[in-house]
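Spelled out from the first residue to the last, the chains are:
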Number of protein chains: 2
Amino acid sequence: MKAIVTVMLKNGVLDPQGKAIGQALGTLGFAGVGEVRVGKRIELELAETDPAAAKLAAENMARSLLANLVIESFSVEII
Amino acid sequence: MKAIVTVMLKNGVLDPQGKAIGQALGTLGFAGVGEVRVGKRIELELAETDPAAAKLAAENMARSLLANLVIESFSVEII
């Protein structure tokens, strides 16, 4: 199964990379761009064949390694 | 409208960050993890209210700034 772990900065945490992208888009002439936030998308190929178990495993991986839960939140999707 | 731009390395392009994550997961005791690939998720708040126009704008932003089309591909989702 494939697990997609999406890791984003929590609301309220300053996102300088997003701010830089927003400013660069303005400089390039794109108007009407409000807040920009940047996160990570991690695609994991898992040997597990049960979707519920795969989701649980991916959530454990996110908690142990992929996300810094102090400033980031994550979501897991199984496809 | 909110546009989600997902940028991933193209298939066949070496992903050292993904490889490092795969090895670290193995070291932490997670078994059955195959290929790991890491990409970016960029959330843009757009003033545009027409979904088709917003998608077109986000695609243009991805082509101009967000993705390096030599080694990366992107997809846009409007929510």
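Above this text is the structure in question.
This is a predicted model, so every value here is computed, not measured.

**Student:** Even after reading the chapter, I still don't get the pattern of salt bridges, so can you show me in this structure?
**Tutor:** Here the idea is simple: oppositely charged side chains can pair when their charged atoms come close. Per the counting criterion, the structure on display carries six salt bridges over all chains. For Glu35 of chain A, the salt bridge is made with Arg37 of chain A, and the minimal N-O distance between the two is 3.2 Å. Accessibility expressed as a relative area gives 47% for Glu35 of chain A, which makes it partly exposed. Lys2 of chain B is paired through a salt bridge with Glu43 of chain B; the nearest N and O atoms lie 3.3 Å apart. A residue pair is termed long-range when its members are at least 10 positions apart, and Lys2 of chain B in strand 1 (residues 2-9) and Glu43 of chain B in strand 2 (residues 33-46) qualify at 41 residues. Among the charged side chains, a salt-bridge network with shared partners connects Lys2, Arg41 and Glu43 of chain A.

**Student:** Just to check I follow, could you spell out helix 1 (residues 16-27) of chain A for this structure?
**Tutor:** Since the α-helix turns once every 3.6 residues, residues separated by three or four places project in the same direction. Residues and elements named next belong to chain A. Here helix 1 is 12 residues long and its end C-alpha atoms lie 16 Å apart, about the 16 Å a rise of 1.5 Å per residue gives. Residues Gly18, Ile21 and Leu25 constitute the buried set of helix 1. Looking straight down helix 1, one finds its buried side chains confined to an arc of 60 degrees; they lie on one side. Facing away from the buried side of helix 1 by more than 90 degrees, the exposed set consists of Pro16, Lys19, Gln23 and Thr27. Phi turns positive, to about 100 degrees, at Gly29, one or two residues after helix 1.

Each value, and the rule that gives it
- Residues numbered from 1 in each chain as written.
- Chains lettered and ligands numbered in written order.
- Predicted model: local features only at pLDDT ≥ 70, side-chain atom pairs only at ≥ 80, totals over all residues.
- Heavy atoms only, no water.
- Salt bridge = Lys/Arg side-chain N within 4 Å of Asp/Glu carboxyl O.
- Buried < 20%, exposed > 50% of the residue type's maximum accessible area, 1.4 Å probe, protein only.
- Helix = DSSP H or I, 4+ residues; strand = E, 2+ residues; numbered from the N terminus.
- Expected span 1.5 Å × (residues − 1).
- Arc of directions from axis to C-beta.

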